[in-house]
Each structure stands twice: as C-alpha cells, then as structure tokens.
Amino acid sequence: MKCPFCGDPNTQVTDTRENEGGEVVRRRRRCAKCDKRFTTYERIDLKMPVIVKRNGLRSEFDHEKLAGSMKLALRKRPVTLEALEAAVDRIEAKLLALGEQEVPSEKVGELVMRELKNLDKVAYIRFASVYRNFADVDEFSEVVREVKARPKRNRGDEPPEPAPENDLFGN
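Overview of the structure. Computed from a prediction, not measured in an experiment: that's the story for all the values here. (Residues numbered from 1 in each chain as written. Predicted model: local features only at pLDDT ≥ 70, side-chain atom pairs only at ≥ 80, totals over all residues. Heavy atoms only, no water.)

**Regarding the overall build of the protein chain**
Move 1: When helices and strands are counted, the protein chain shows five helices and six strands.
Move 2: Going from N to C terminus, the protein chain has its helices and strands arranged as β-β-β-β-β-α-α-β-α-α-α.
Move 3: Residues counted as buried form 30% of the 171 residues belonging to the protein chain.
Move 4: When contacts within the protein chain are restricted to residue pairs at least 6 apart in sequence, long-range pairs at least 24 apart make up 45% of them. (Helix = DSSP H or I, 4+ residues; strand = E, 2+ residues; numbered from the N terminus. Buried < 20%, exposed > 50% of the residue type's maximum accessible area, 1.4 Å probe, protein only. Contact = heavy atoms within 4.5 Å.)

**Comments concerning the packing of helix α2 (residues 81–98) against helix α3 (residues 105–119)**
Move 1: Where α2 meets α3, the axes come as close as 10 Å, and the angle between the chain directions of the two elements is 145°. The way α2 lies across α3 gives a crossing that is right-handed. Where α2 approaches α3, its residues Ala83, Ala87, Arg90, Ile91, Lys94, Leu95 and Leu98 are matched on the opposing element by Lys107, Val108, Leu111, Val112, Glu115 and Leu119.
Move 2: In the contact of α2 with α3, the residues fall into nine nonpolar, no polar and four charged. (Axes fitted to C-alpha atoms, helices over the stretch in contact; angles between N-to-C directions. Left-handed = near helix turned anticlockwise from the far one by under 90°. Nonpolar A, V, L, I, M, F, W, Y, C, P; charged D, E, K, R; others polar.)

**Quick notes on the pairing of strand β2 (residues 24–31)**
Move 1: The pairing of strand β1 (residues 11–18) with β2 spans seven bridges and is antiparallel. Across the sheet, residue glutamate 18 finds its bridge partner in β2, namely valine 25.
Move 2: The pairing of β2 with strand β3 (residues 37–43) spans seven bridges and is antiparallel. When the sheet's bridge partners are listed, arginine 27 is paired in β3 with threonine 40.
Move 3: Linking β2 to β3, which pair antiparallel, is a turn of five residues; within it aspartate 35 sits at a positive phi near 65°. (Pairing = 2+ DSSP bridges.)

**Thoughts on the nonpolar core**
Across soluble globular proteins, nonpolar side chains have a tendency to be buried as a group.
Move 1: Ranked by internal contacts, the top residues of the largest apolar core, which has 29 residues, are Leu66, Met70, Leu95, Val112 and Leu116.
Move 2: Elements with a contribution of two residues or more to this core: α1 (63–73), α2, α3, α4 (121–131) and α5 (137–149).
Move 3: Here leucine 66 is in contact with Phe61, Val88, Ile91, Val108 and Val112, once residues within four sequence places are set aside. (Core = buried A, V, L, I, M, F, W, Y, C linked by side-chain atoms within 4.5 Å.)

**Thoughts on the sheet that holds β2**
Move 1: Read from one edge to the other, the open sheet built from three strands follows the order β1-β2-β3, with strand pairing classed as antiparallel. The two strands at the open ends of the sheet, each matched to only one other strand, are β1 and β3. Across the sheet, the mean angle separating the axes of adjacent strands is 25° when strand polarity is ignored.

**Quick notes on the sheet that holds strand β6 (residues 102–104)**
Move 1: Ordered in space as β5-β4-β6, the three strands form an open sheet in which the pairing is mixed. Two strands lie at the open edges of the sheet, namely β5 (58–59) and β6, each paired on one side alone.
Move 2: Helix-sheet contacts for α3 involve β4 (50–52) and β6, and the interaxial angle to β6 is about 65°.

**Looking at the environment of valine 144**
Move 1: Mapping valine 144 onto the fold places it in helix α5.
Move 2: Overall, the relative accessible area of 23% leaves valine 144 in the partly exposed class.
Move 3: Expressed as a C-alpha distance, the spacing of valine 144 and isoleucine 125, which sit 19 residues apart in the sequence, is 7.0 Å.

**Quick look at the side chain of aspartate 120**
Move 1: Take aspartate 120: it is sitting in the loop between α3 and α4.
Move 2: Assessed through its relative accessible area of 8%, aspartate 120 is described here as buried.
Move 3: Within the structure, the side chain of aspartate 120 is placed 2.9 Å from the side chain of arginine 77, a separation counted as a polar contact.
Move 4: Residues in contact with aspartate 120, not counting those within four places in the same chain, are Leu74, Arg77, Pro78 and Val79. (Polar contact = N/O pair within 3.5 Å; in protein donor to acceptor, adjacent residues only side chain to side chain.)

And the structure:
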C-alpha cells in the first residue's frame, strides 16, 4: 500500500480489526519513510452480472431499480420493508450464485415473481400482469386461477399486519 502523504510504497500494518459482521477489515498503517500513520479499509467487491434485456441492450444490475419495481407491485400491501429487502437480497444472492457475467432479464423477472408469490399473492399478480404483458383477460384469469389453486397458508403462518410506519409507502 502506497503512503498517501509521501507516496512511498513501503508501509507496515500496525493493527488489524474486523467490524462486527466481518464484512470490513480496518487496518492501521505506518509509512516506513515519513513515519505518518493512516487507515485503510478492506471490503469484498462482488461483481453483479450484466442484465441482458429482451431487445438485446445490456445494463448494469441496479439494486434500487429491482427494489423499486418490487415496491411498486407491493404498494399498499401488508409487507414490511424488511421482508422486501430480504427478498431483494435473496434475488441478488441467486444471481451471484449463477456465476455468469451476463443474465437475461427474463431470469431476473422469474426470480422476482417467485419472491413476490411468497411475499404477497396480489403483488405477484400485479407484477405478472406487467412482466408477462398479458394480451387479454384470459391470460390474467389464468394467473389468478393458478394463485387460487395453491393451498392457502394457515392464518398462524401469515405475517402480522405491519404498523403504519412499516408500510412501504406510509399508507
């Protein structure tokens, strides 16, 4: 590591500590030439795959765009922000686990639909209606029938109604 003060490449690590989660390592360093001290941080740098859209265009993976589209489907639904973020994290982990440099947007859409189906059936249908670009009411009805055909969760398994401050949009 090069000294930020004099530019000398000979520095020594005097102290190393991890943060509580273990995601960041903090290192105190000392320059062998000018004897000044400075701190560096070491983090894992994971490269998300590039998303290949239906029209062939490529775009960088965008966490906020993914979360935003899911929030839109979940608008005014009883799902907490924590549950949404956990779902987005699971999608990102699955994309990383693929080990691919490029992933078709259809794959991302299917992962989103799977997560929404587990979070909230209405949000799932909302997202599916836009994502699948239904041509007519029959296609929409088929998705509704598919959701209805699934066994309902027991009332004790459903998440509690969130407090208004936990609602995604304050509604």
